[in-house]
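# Structural description and commentary
Below, each chain spelled out in residue letters.
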Amino acid sequence: MAEVRDTTPAALVAKALARYEEVASVLRERLGRPLTFAEKVLYAHLRHPERAELERGVSWIELDPDRVAMQDATAQMALLQFMVADLPEVRVPTTVHCDHLIQAERGADDDLAAARVTNREVYDFLSSVSARYGIGFWEPGAGIIHQVVLEQYAFPGGMIIGTDSHTPNAGGLGMVAIGVGGADAVDVMVGDPFTVRMPRLIGVRLTGRPNGWTSAKDVILRVAEILTVKGGTGAVVEYFGPGARALSTTGKATICNMGAEIGATCSLFPADDHAVAYLRATGRDEIAALVEARLGSLEADPEVEEDPARYFDQVIEIDLDTLEPQIVGPATPDLGRGVGSIGREAREHGWPLELSSALVGSCTNSSYEDIARAASVARWASARGLRVRTPLLVTPGSERIRATIERDGLLRDLEAIGATVLANACGPCIGQWHRTDIEPGTTNSIITSYNRNFPRRNDGNAATLAFIASPEVVVAYALAGTLDFNPLTDELAGERLPEPEGLELPSAGLAREVRGFVAPPADGSAIEVRIDPASERLQVLTPFEPFEGGDLVGLVVLAKAVGKCTTDHISAAGPWLRYRGHLDNISRNLFLGVQNAFAAEPGHGWCQIHQADEPLPEIARHYRDAGQGWVMIGDENYGEGSSREHAAMEPRYLGARAIIARSFARIHETNLKKQGMLPLTFTDPADYERIERDDRVDLVGLDELAPDQPIRAVVHRPDGTSFDLELRHTFSEDQIAWFRAGSALNMIRQRHHH
Ligand code: MIC
Ligand code: SF4
């Protein structure tokens, strides 16, 4: 097991690459055709490559990832579940990263010191549980999980799963990197495979070169406009073509990161010279050499690029030469347009033109290149005595990046126009923003270089309209102070802005020193995991009850979500991040952001017990205490966004039996199944309209639940009439066993203890 504890992974990479080449040739032979890069990497991680069925969108495949990564807001629940499995240590190399729980208020040093105090018991828990089970621990301040993974662990041809939806970031370095719920991570940590439906493949062919104001961010913003927030569901997005080879590794990572916003399982780029240079710049010479020697094979077979339509299910083309810098938003990441028309559009919609804040950073856009390009605009401005007209907040992605941009004077450039530098953490990207300049409820516009812009996401204020663009574009708007500005053509201080420029990697390399990593001891068995029984933030889990069998009759309808219902609507972040290790306490936020068809106020509904309008988490609790089962009705793409399994555990804990929606986002649907819930879809999406407030729902024939077989529901109206509904599910045989056992975790327990 020593290898699992080895955190200098060159040996591991060598082994993975040997398998990659071997399996690729086996599968090329078996399928009798050339392979795309994504196929090669996926197949190399199949538990049974010789016999696995690989029908896209149909077969369930079993994969063995090389690594697992978890961030502090999801690791708590994941590790509480891992503890229930009761193994001596993790079976696959794993790391924990403390990044989400740091609140942005005054600047890096103060905020980090404050976080160490406020989150002490959580950090103590995570560091002790990591040491005990052989997990590498990254302290608060070391950086955002995806940036650290890219710098330390990602390698072309590898596979990682992470308990965060932006894990695909590592696809920038040629990895199959998949965001999952904590229970999926537990599977892999106990040595079981990660199971997913064989994805469809979307090919994106890039031509031209990024130029002028256009950067990698604009590629993914454009892809999101084309594919929409649902367009990548069940698919891997593979980039290729001359334009792909013109992008830096971190630029590629930005694109893969935001593949989460279109629902893609993951996105990836082939390895090229940029990958080799990035591995060297991050101090991984040995791995760089392994990759360099295989450059021609760590990409799609040559036939694929010649005739992509034969090998991908869908092909999109984007020409970087003509791509205009994009701005997307508000409220959804797929509402995009070029910078040239945002002013007009904002005026038409009555969106405030004045910007109240500009934010640069997050896991999406905080690379050396990002900051260098943003700083070049700042340098030009400060030389002309200009300062920002709206507060500009900068969150570096990792300590290594922060130290490097400080060393190279880039932070100074940003500070010279008035920027505040925050801790190397998620901060305002996840509502960890102590914002005092705007009264809640006040409509205002902000611009960020982040990836998500759902209402309330950044500052908890539903009236904040968030727009997303590249870091350099964000800095230009911070200088202009208004959306009514085109950085390409408009002037500041009587001059047109210069085109941003910045090196992809500093000529002196990234700062060498890596701070904040604690390797696990060789033997952790004597380490005690610290959980205070009186804690309001951590609670040992009690396993859910197995399915009792029979039909589920007389379920009430808790609510019917109208329109977007993301995991932020289901289980908000911000102040609630505090309770991510305490199921009972965090359940008090259930559905608080949901727009319910049966109540005027978001987060409210009709309590059938009290016959009154009440907050949804309270109603759910009343039902649970009364032994009254309930269902939740959802619209399209229910559970879009985050991987947080709290969004699935909370309804389960409060007595939900099924979520019935028009469609689901992948991670959330799996999370629901893992927790023993029934995610069901209307065979006829129009049936969504027929569900009314006082209906009672019976789910019939669950004892015969079988793959690909519809489920019958009977809906009873208060007037005594009733009608039948046909519902669908995507359970495989194995997943049905989770439902019967009460959760996937119960299955693992049974397996390891009997
Ligand atoms: C997010 O960006 O929404 C988060 C916070 O990183 C989540 C994870 C979480 O909710 O803890 C994600 O993207 O999975
Ligand atoms: Fe953190 Fe934001 Fe990235 Fe999520 S999207 S990992 S909250 S920086």
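Cut-off values and rules
- Within any chain, residue numbers begin from 1 and follow the written order of that chain's sequence.
- The lettering of chains begins at A and the numbering of ligands begins at 1, in the order of writing.
- For a predicted model such as this one, the threshold for reporting local features is a pLDDT of at least 70, and the threshold for listing and counting side-chain atom pairs is 80 or more; totals across whole chains, interfaces and linings nevertheless cover every residue.
- The side-chain figures draw on all heavy atoms in the structure; neither hydrogens nor water molecules are used.
- A run of H or I in DSSP counts as a helix once it spans at least four residues, and a run of E counts as a strand once it spans at least two, with each numbered from the N terminus.
- For the exposure calls, accessible area comes from a 1.4 Å probe over protein chains only, and a residue counts as buried if that area is under 20% of its type's maximum, exposed if over 50%, partly exposed in between.
- His residues and chain termini do not enter the charge count, which takes Lys and Arg as positive and Asp and Glu as negative.
- A pairing counts as a salt bridge when a side-chain nitrogen of Lys or Arg comes within 4 Å of a carboxyl oxygen of Asp or Glu.
- Distance and chemistry together define a polar contact, namely a pair of N or O atoms within 3.5 Å, with one atom able to donate a hydrogen and the other to accept it when in protein, and with adjacent residues in sequence counting only for side-chain atoms on both sides.
- By definition, residues are in contact when any of their heavy atoms lie within 4.5 Å.
- Here, strands pair whenever DSSP counts at least two bridges between them.
- Where helices are involved, their axes are fitted lines through C-alpha atoms of the stretch in contact, as for all axes, and angles between N-to-C directions lie from 0 to 180°.
- Domains are outlined according to an automatic or database domain assignment.
- Throughout, the accessible surface (probe 1.4 Å) given up by two parts as they are put together, summed over both, is called the buried area.
- Residues belong to a common nonpolar core when they are buried Ala, Val, Leu, Ile, Met, Phe, Trp, Tyr or Cys residues joined through side-chain atoms within 4.5 Å.
- Here, proximity means that at least one heavy atom of the residue falls within 4 Å of the molecule or strand.
- We call Asp, Glu, Lys and Arg charged. Ala, Val, Leu, Ile, Met, Phe, Trp, Tyr, Cys and Pro are nonpolar, and the rest, Gly among them, are polar.
- Using the Shrake-Rupley algorithm and a 1.4 Å probe, accessible areas are obtained, with residue cover drawn only from the displayed protein chains.
- What sets the label is the angle itself: under 35 degrees gives roughly parallel, over 145 gives roughly antiparallel, 65 to 115 gives roughly perpendicular, and the rest give oblique.
- The hand of a helix crossing depends on one turn: near helix anticlockwise from the far one by less than a right angle means left-handed, and clockwise means right-handed.
- Orienting the strands away from the viewer, one traces the path from the first strand over the helix to the second; a clockwise path indicates a right-handed crossover.

### A word on the side chain of Glu369
- Checked against the element boundaries, Glu369 lands in helix α17 (residues 368–383).
- Arg373 is the oppositely charged side chain nearest to the buried, salt-bridge-free Glu369, at an N-O distance of 5.7 Å.
- At 2.5 Å, the side chain of Glu369 forms a polar contact with the side chain of Ser248.
- The residues touching Glu369, leaving out its near neighbours within four places in the chain, are Ser248, Thr250, Gly251, Gly502, Leu503 and Glu504.

### What about unusual backbone geometry?
- At the junction of Gly329 and Pro330, the peptide bond is cis and its omega measures out at 0° in the coordinates.
- Residue position: Pro330 is located in the loop between β12 (326–328) and β13 (336–338).
- Of note, Ala493 is a non-glycine position whose phi angle comes to about 50°, a positive value.
- Among the structural elements, Ala493 can be located in the loop between β19 (491–492) and β20 (495–496).
- We note that Phe591 has phi near 65°; this positive angle belongs to a residue other than glycine.
- With respect to the helices and strands, the residue Phe591 is situated in the loop between α22 (583–586) and β23 (604–607).

### What about the sheet that holds strand β9 (residues 235–240)?
- Spatially, β10-β9-β8-β11 is the arrangement adopted by the four strands of the open sheet, whose pairing is parallel. Each edge of the open sheet is held by one strand with a lone partner, namely β10 (266–268) and β11 (314–319). Geometrically, the sheet is characterised by an average inter-axis angle of 20° between neighbouring strands, direction not taken into account.
- Both β9 and β10 contribute to a ladder of three bridges, which runs parallel. Across the sheet, residue Glu238 finds its bridge partner in β10, namely Leu268.
- Running at roughly 135° to β11, helix α9 (residues 216–227) makes contact with β8 (200–207), β9 and β11 of the sheet.

### What about the domain arrangement of the protein chain?
- Taken as a whole, the protein chain is organised into domain 1 (2–319), domain 2 (326–496) and domain 3 (552–753).
- Domain 1 puts 35 residues into the contact, and the matching count from domain 3 is 34 residues.
- Of the roughly 2800 Å² buried at the junction of domain 1 and domain 3 (both faces included), carbon and sulfur atoms supply 54%.
- Interface area lost by domain 1 to domain 3 is led by Trp60, Met77 and Lys230, which between them contribute 20%.
- Counting across the domain 1 and domain 3 interface gives four salt bridges.
- A salt bridge links Lys230 to Glu636, with the nearest nitrogen and oxygen atoms 3.1 Å apart.
- Counting the contacts that link domain 1 with domain 3 gives twelve residue pairs in polar contact (both at pLDDT 80 or more).
- Mapped by element, the contributors of at least two residues to the side of domain 1 that touches domain 3 are α4 (72–85), β6 (176–179), α8 (182–189) and β7 (194–197).

### A look at the nonpolar core
- In this structure, Tyr43, Leu79, Phe82, Leu126, Met189 and Phe194 are the most contacted members of the largest nonpolar core, which totals 117 residues.
- Ignoring sequence-local partners within four residues, the contact set of Phe82 consists of Leu87, Glu89, Val90, Tyr133, Val186, Met189 and Val190.

### Digging into the site of ligand 2
- Taken together, His100, His146, Asp164, His166, Ser362, Cys363, Cys426, Cys429, Ile430, Asn451 and Arg457 make up the full set of residues near ligand 2.
- Along the lines of polarity and charge, the residues of the shell around ligand 2 split into four nonpolar, five polar and two charged.
- Both of domain 1 (2–319) and domain 2 (326–496) provide at least three residues apiece to the shell around ligand 2.

### Digging into the sheet that holds strand β29 (residues 711–716)
- Taken in spatial order, the seven strands close into a barrel running β22-β25-β26-β27-β30-β29-β28, and their pairing is mixed. Looking at each pair of strands side by side, their axes are set apart by 40° on average, direction ignored.

### Things to note about the site of ligand 1
- Inspection of the region around ligand 1 gives 14 residues, with His100, Asp164, Ser165, Arg457 and Arg644 positioned closest.
- Ser165 has a polar side-chain atom sitting 2.5 Å from an oxygen atom of ligand 1.
- Interatomic distance of 2.9 Å between a side-chain N/O atom of Ser642 and an oxygen atom of ligand 1.
- Within the complex, the protein chains bury 97% of what would otherwise be the 330 Å² of accessible surface of ligand 1.
- Split into classes, the residues belonging to the shell around ligand 1 amount to two nonpolar, seven polar and five charged.

### Some words on the environment of Ile327
- Along the chain, Ile327 turns up in strand β12.
- Accessibility expressed as a relative area gives 0% for Ile327, which makes it buried.
- It is 22 Å that separates the C-alpha atoms of Ile327 and Gly460, two residues lying 133 residues apart in sequence.
- Not counting the four nearest positions on each side in its chain, Ile327 is found in contact with Leu335, Gly336, Arg337, Val339, Ile342, Ile447, Phe467, Ile468, Ala469 and Tyr477.

### Brief notes about the packing of α9 against helix α11 (residues 249–257)
- The interhelical angle for the contact between α9 and α11, taken along N-to-C directions, is 20°, at an axis separation of 8 Å. With respect to their mutual orientation, α9 and α11 come out roughly parallel. Relative to α11, the crossing made by α9 is right-handed. When α9 is examined against α11, the residues Ala216, Lys217, Val219 and Ile220 are found in contact with a partner set consisting of Gly251, Thr254 and Ile255.
- Among the residues making up the contact of α9 with α11, the classes are represented as four nonpolar, two polar and one charged.

### Digging into helix α7 (residues 145–152)
- Taken across its eight residues, α7 has eight buried, putting it largely inside the fold.
- Regarding α7, the residues found buried are Ile145, His146, Gln147, Val148, Val149, Leu150, Glu151 and Gln152.

### Quick notes on the side chain of Glu645
- Along the chain, Glu645 falls in the loop between β25 (630–634) and α24 (646–653).
- Although Glu645 is buried, it makes no salt bridge; Lys674 carries the closest opposite charge, 8.4 Å away.
- Polar side-chain contacts of Glu645 include one of 3.0 Å to the backbone nitrogen of Ala183.

### Section: the pairing of strand β14 (residues 355–361)
- A large share of β14 lies buried, amounting to seven of its seven residues.
- For β14 and strand β17 (residues 444–448), the ladder comprises four bridges, and the chain directions are parallel. The residue bridging Ala358 from the neighbouring strand is Ile447, located in β17.
- Here β14 pairs with strand β15 (residues 392–395) via four bridges, running parallel. The residue bridging Val360 from the neighbouring strand is Val394, located in β15.
- Between the parallel elements β14 and β15, the chain passes through α17 in a crossover that is right-handed.

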